[in-house]
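Architecture at a glance
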Amino acid sequence: MSLNQRSLNLPVHYIFFILFKQLVDLLQWDTLAYMKIVRFETQGAERYGILESGIISSITAPSVGTVRETDETFKIEKVRLLAPCVPTKIIAVGVNYRSHASELDHQLPERPLIFLKPPTAVIGPEEKIVYPVTSHQVDYEGELGVVIGKLTKHIPQERARDCILGYTCFNDVTARDLQQKDGQWTRAKSFDTFAPIGPWIETELDDTNLPIETLVNGKVVQRGSTHDMVFSVPELISFISDIMTLIPGDIIATGTPGGIGPMQSGDVVEVKIKPIGILRNYLMKDS
Ligand code: MG
């Protein structure tokens, strides 16, 4: 077995964790102000890069050794953008917007209501969400995704923002009929392709009043602001880090505003957070 085969077979997530950590170390953390981090594929290779004015400056991330900056640049339209990070887990938050609680006729939760989505559900921008044959109602849920940048455990709220690498758009795709049928949410939230992330990570944002919209076939179906959150981003990070260790690249999907609804095969769905960008995906039937 070659070295390559061995490293692919075993700890794929561990390798990505190392690469991601090397990237974060390389960028020296404090220099990350107002930067768009992309992960992309070109000529069969996956890379990280920094996006500026449509040009990606590539950063090498070999699986052994130190990450280095390169002189290589790529036009964004010449590469395929991937999900901007490779999470070991996605921690999602239920009923975290007052407008969503009210449309569900739910009481506001007394503490964050969290659940997990598996990393195997992740897809990138412009990829297809597969409509499973076992569901008859697949819903969009446009959300702000918080990307973790440091190993995080038992972090108080006051220091929680220090653990954020940046922000991205997230679609918490949900088989609503299965969610209602099961009681437990795992099946409804975990199908492959049910966690679109992207298009990139914006490193510097005020997360307290971000406009968030979801569009289906160009029509706005959700419109809210992170100002409407029940639990703030620091409250969520602190609460979750008291339960599980957060690893660089992990994502917190911070909940969806009111206006959830179904998608059909053939639809185009977009999650738009203006200071970040637009995450666009397409619905298709399972073949
Ligand atoms: Mg959600």
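Residues numbered from 1 in each chain as written. Predicted model: local features only at pLDDT ≥ 70, side-chain atom pairs only at ≥ 80, totals over all residues.

**Some thoughts on the overall build of the protein**
Scanning the protein from terminus to terminus reveals 7 helices and 20 strands. Put simply, the protein has 287 residues, and 43% of those count as buried. For the protein, the proportion of contacts with a sequence separation of at least 24, taken over those separated by at least 6, is 73%. (Helix = DSSP H or I, 4+ residues; strand = E, 2+ residues; numbered from the N terminus. Buried ≥ 20, exposed ≤ 12 C-beta atoms within 10 Å, placed from the backbone. Contact = placed C-beta atoms within 7 Å.)

**Comments concerning the sheet that holds strand 13 (residues 174–175)**
Spatially, 13-10-18 is the arrangement adopted by the 3 strands of the open sheet, whose pairing is antiparallel. The open sheet has two edge strands, strand 13 and strand 18 (261–263), and neither has a second partner. (Pairing = 2+ DSSP bridges.)

**With respect to the pairing of strand 9 (residues 128–131)**
Residues Ile129 and Tyr131 point to one face of strand 9 and are all buried, whereas Lys128 and Val130, pointing to the other face, are not buried. Pairing of strand 9 with strand 20 (residues 277–285) involves 4 bridges; the strand directions are parallel. The partner of tyrosine 131 across the bridge, within strand 20, is lysine 285.

**Details of unusual backbone geometry**
Here glycine 198 and proline 199 are connected by a cis peptide whose omega angle stands at 5°. On the secondary structure map, proline 199 appears in strand 14 (residues 195–202). Phi at histidine 154 is positive, roughly 50°, even though this residue is not glycine. Within the secondary structure, histidine 154 sits in the loop between strand 11 (142–148) and helix 4 (157–160). In this structure, threonine 193 takes a positive phi of about 80° despite not being glycine. By secondary structure assignment, the location of threonine 193 is in the loop between helix 6 (186–189) and strand 14.

**Some remarks on the sheet that holds strand 9**
Across the sheet, which stays open at both edges, the 5 strands sit in the order 9-20-19-15-16 with mixed pairing between neighbours. Bordering the open sheet on either side are strand 9 and strand 16 (219–225), each of which pairs with just one other strand. Each strand of the sheet is rotated relative to its neighbour by a mean of 20°, with strand direction disregarded. In terms of strand pairing, strand 15 (residues 211–216) meets strand 16 through 6 bridges, oriented antiparallel. Bridging across to strand 16, leucine 215 finds its partner in valine 220. (Axes fitted to C-alpha atoms, helices over the stretch in contact; angles between N-to-C directions.)

**Some points on the pairing of strand 20**
Sheet topology places strand 19 (residues 268–273) next to strand 20; 6 bridges connect them, and they run antiparallel. Among the inter-strand pairings, isoleucine 273 is bridged to a residue of strand 20, identified as glycine 277. As consecutive antiparallel partners, strand 19 and strand 20 are separated by 3 residues.

**Digging into the nonpolar core**
Within the largest apolar cluster, 69 residues are counted, with the highest numbers of intra-cluster contacts made by Val146, Val147, Ile237, Ile251 and Ile252. The residues that make up this core include at least three from each of domain 1 (5–81) and domain 2 (90–285). Other than its neighbours up to four places away in sequence, isoleucine 252 contacts Ile91, Val146, Leu236, Ile237 and Ile240. (Core = buried A, V, L, I, M, F, W, Y, C linked by C-beta atoms within 7 Å. Domains from an automatic or database assignment.)

**Considering the environment of phenylalanine 40**
Considering the arrangement of structural elements, one finds phenylalanine 40 in strand 1 (residues 36–42). For phenylalanine 40, a count of 22 C-beta atoms within 10 Å puts it in the buried group. Considering only alpha carbons, one finds phenylalanine 40 and alanine 83, 43 residues apart in sequence, at a separation of 8.0 Å. Residues within four places of phenylalanine 40 in sequence aside, it is in contact with Arg47, Gly49, Ile56, Val79, Arg80, Leu81 and Leu82.

**Regarding the environment of asparagine 281**
Note on placement: asparagine 281 falls in strand 20. If we ignore the near neighbours within four places in the chain, the residues touching asparagine 281 are Ile123, Glu127, Lys128, Ile129, Asn171, Pro196 and Val269.

**Quick word on helix 7 (residues 233–241)**
Counted residue by residue, helix 7 has 7 buried out of 9 residues, so it is predominantly covered. Every buried residue belonging to helix 7 is among Val233, Pro234, Leu236, Ile237, Ser238, Ile240 and Ser241, and all of these are buried. Those residues of helix 7 hidden inside the fold are in contact with strand 6 (90–94), strand 7 (113–117), strand 11, helix 4 and strand 17 (251–253).

**Here's the deal with the environment of cysteine 85**
Counting through the fold element by element, cysteine 85 comes out in the loop between strand 5 (80–82) and strand 6. A sequence separation of 83 residues divides cysteine 85 from threonine 168, and the C-alpha atoms of the two residues are 9.9 Å apart.

**So, the confidence of the model for the protein**
Chain-level statistics for the protein give a pLDDT mean of 89 and a share of 85% at 70 or above. Segment residues 1–10: pLDDT under 50, and 3 contacts once partners within four positions in sequence are set aside and those in other chains are kept. Note on residues 62–66: pLDDT under 50 across the span, and 3 contacts to partners over four residues away in sequence or across chains. (pLDDT = per-residue confidence, 0-100.)

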